[in-house]
Amino acid sequence: MSKFHHATRLNMHAFAQEGVALIETIPLQNMERLAQEANALAPDLMLNWEARAELRPGSGPEEDIWLHLVASASVPLTCQRCMGTVATPLAVNQWYRFVATEAIAMAEDDESEEDLLVMEPHFDLLALLEDELLMALPLVPMHGECPVAPVMQVGEDALAGEKNEIGEEIPSGEKPNPFAVLAQLKKKSQ
Ligand SMILES: [Zn+2]
């Protein structure tokens, strides 16, 4: 059935009525914006994705169209600590509900757990997929452990705890008591 559906010009109503999943594999190179974020994408890097839509009773006289999108890929990004390439897994797993207008989407967005999309006659599923993958990119791509030891500045870094991707300190059992550290510093400076 999927030969009747083109993922960049999808008739969402027909797709939802059928309720059959679209399961595809595409080269990541085809996603220009994502390719710009990555270190030269190897031609064989593939993205697996799966989409399924269904009709559900809505608030209006017509049924709502819901879409479920799942995708996973590993994208080579530049590690911000050692500047090497770090294979970064990206995953998308999201429900969407289509609404008639942008105004409705704005009005209902806050109270909806699902993401709202404005209905289009030919919906570009691949553009949505690329948007989601771009949003899934880490702010600061980094190796868990860099293959080459990074050059650390002694001082601030030695005092700071380990930080995770969003800059929060990771609690550590071995973290020294800050007052003990201060005492050490005082000793050194004397
Ligand atoms: Zn690194």
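Just so we're clear, the structure is a prediction, and the values are computed from it rather than from any experiment. (Residues numbered from 1 in each chain as written. Predicted model: local features only at pLDDT ≥ 70, side-chain atom pairs only at ≥ 80, totals over all residues. Heavy atoms only, no water.)

S.K.: Where do I start with the pattern of salt bridges in this structure?
M.R.: Should their charged atoms come close, side chains of opposite charge can pair. This structure, assessed with the given rule, holds six salt bridges. Arginine 56 is paired through a salt bridge with glutamate 54; the nearest N and O atoms lie 2.8 Å apart. Overlapping salt bridges, with partners in common, bring together Arg33, Glu130 and Asp131 in one network. (Salt bridge = Lys/Arg side-chain N within 4 Å of Asp/Glu carboxyl O.)

S.K.: Any chance you could explain the pairing of strand E2 (residues 46–56) here in plain terms?
M.R.: Within a regular strand, the side chains alternate between the two sheet faces. Sheet analysis places strand E1 (residues 22–27) next to E2, joined by six bridges and oriented antiparallel. Looking at E2, one finds that isoleucine 26 is bridged to leucine 47. The sheet contact formed by E2 and strand E3 (residues 64–78) spans nine bridges and is antiparallel. Residue pairing across strands places glutamate 54 opposite tryptophan 66, the latter belonging to E3. (Pairing = 2+ DSSP bridges. Helix = DSSP H or I, 4+ residues; strand = E, 2+ residues; numbered from the N terminus.)

S.K.: Looking at this structure, how should I read the confidence of the model for the chain?
M.R.: The predicted coordinates should not be examined in detail at positions where pLDDT is low. Chain-level statistics for the chain give a pLDDT mean of 82 and a share of 75% at 70 or above. By mean pLDDT, helix H5 (residues 156–159) is the weakest element of the chain at 49, and strand E5 (residues 115–118) is the strongest at 96. (pLDDT = per-residue confidence, 0-100.)

S.K.: Looking at this structure, I do not really get the coordination of the zinc ion. What am I missing?
M.R.: In an ideal tetrahedron of four donors about a metal, each angle is 109.5 degrees. In an ideal octahedron of six donors, the angles are 90 or 180 degrees. Only Cys79 (SG), Cys82 (SG), His143 (ND1) and Cys146 (SG) from the protein reach the zinc ion as donors, at distances of 2.0 to 2.4 Å. Viewed at the metal, the four donor atoms of the zinc ion are separated by angles of 102 to 119°, and the geometry they form is tetrahedral. All donors of the zinc ion come from a single chain, and their spacing in sequence reads C-x2-C-x60-H-x2-C. For histidine 143, a relative accessible area of 14% corresponds to the buried category. Note on cysteine 146: relative accessible area 14%, which makes it buried. (Donors = N, O, S within 2.8 Å, 3.2 Å for Na, K, Ca; no water. Tetrahedral: all angles 85-135°; square planar, octahedral: opposite > 155°, others 65-115°. Buried < 20%, exposed > 50% of the residue type's maximum accessible area, 1.4 Å probe, protein only.)

S.K.: Just checking my understanding: could you explain the packing of aromatic side chains for this structure?
M.R.: Here the structure, examined in full by the defined rule, presents two aromatic pairs. Between phenylalanine 98 and phenylalanine 123, the ring centres sit 5.0 Å apart and the planes meet at 90°, which makes this aromatic pair edge-to-face. Remark: phenylalanine 123 occurs in the loop between E5 and helix H4 (125–136) and phenylalanine 98 occurs in strand E4 (residues 85–99); sequence separation between them is 25 residues. Considered together, phenylalanine 98 and phenylalanine 123 belong to a single accessibility category, that of buried residues. Of note, arginine 56 hangs over the ring of tryptophan 66, and the distance from its end group to the ring centre comes to 3.9 Å. We note arginine 56 situated over the ring of tryptophan 95; from NZ or CZ to the ring centre the distance is 4.7 Å. (Phe/Tyr/Trp six-rings, centres within 6.5 Å; stacked < 30°, edge-to-face > 60°. Lys NZ or Arg CZ within 6 Å of the ring centre and 35° of its normal.)

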